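# Reading the structure
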Amino acid sequence: VGPGGVRAARWPAPELAPAFAAYLVQGRASADKRGVVTVEVLNAGGPPGVALKATKVLRWAGFDVVHFGNAAAPEAATSATDRVGHPEAARAALAALGCPKAESLTAFEPSPLTMTSVTVGGDYASCSRLSGGAAADEGD
């Protein structure tokens, strides 16, 4: 990803500014050394169980979902936020969920718990792997 392919959701904390500048200059992100993408999944507008369903889909696709639950506030749109300068991971998570219209953002964090946060919004039905009975898979 080149500098033109990145749109920061917000500017990084001052201690992350050098890493952010290096990322923009080099046009590449630092990947997890183990090759594992860690993800947090938050339900911000879907029915009960949609975060669990998204977690199962992402784990099946090879992502390491370390947390799922409810978001603090509702969101209309599904999105993924890159926390570490690896926007491909956020886009890959959205692709695994079948969310072609969802937006991926970058918001650097000083000490992120996960590489990517996926927020499932009220438009969850537009994601092909989440539509159709979000709570139906809970017994699997």
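I will try to describe carefully the structure that is included in this document. These figures come from a predicted structure and were not determined experimentally.

## Details of the overall build of the protein chain
- Helices and strands together make up the secondary structure of the protein chain, namely three helices and five strands.
- Overall, the protein chain shows an N-to-C arrangement of helices and strands of α-β-α-β-β-α-β-β.
- A buried classification covers 42% of the 140 residues belonging to the protein chain.
- Surface exposure of the protein chain reaches about 7300 Å², of which carbon and sulfur atoms provide 57%.

## A word on the state of the cysteines
- A complete count under the given rule lists one disulfide for this structure.
- Between the sulfur atoms of Cys99 and its disulfide mate Cys127 the distance is 1.9 Å. Here the S-S torsion is close to 115 degrees, and the disulfide linking Cys99 with Cys127 is therefore right-handed. Placement of the pair is Cys99 in the loop between helix H3 (87-96) and strand S4 (103-106) and Cys127 in the segment after strand S5 (116-120), with a sequence separation of 28 residues. Like Cys127, Cys99 is buried.

## Describing helix H2 (residues 50-60)
- Considered for burial, the residues of H2 that qualify are Val50, Ala51, Lys53, Ala54, Thr55, Val57 and Leu58.
- Close packing links the buried residues of H2 with strand S1 (38-43), strand S2 (64-70), H3 and S5.
- Gly62, located one to two residues past H2, shows a positive phi value of around 100 degrees.

Calculation notes
Residues numbered from 1 in each chain as written. Predicted model: local features only at pLDDT ≥ 70, side-chain atom pairs only at ≥ 80, totals over all residues. Heavy atoms only, no water. Helix = DSSP H or I, 4+ residues; strand = E, 2+ residues; numbered from the N terminus. Buried < 20%, exposed > 50% of the residue type's maximum accessible area, 1.4 Å probe, protein only. Areas by Shrake-Rupley, 256 points an atom, 1.4 Å probe, with all protein chains shown as cover. Disulfide = S-S within 2.5 Å. Contact = heavy atoms within 4.5 Å.

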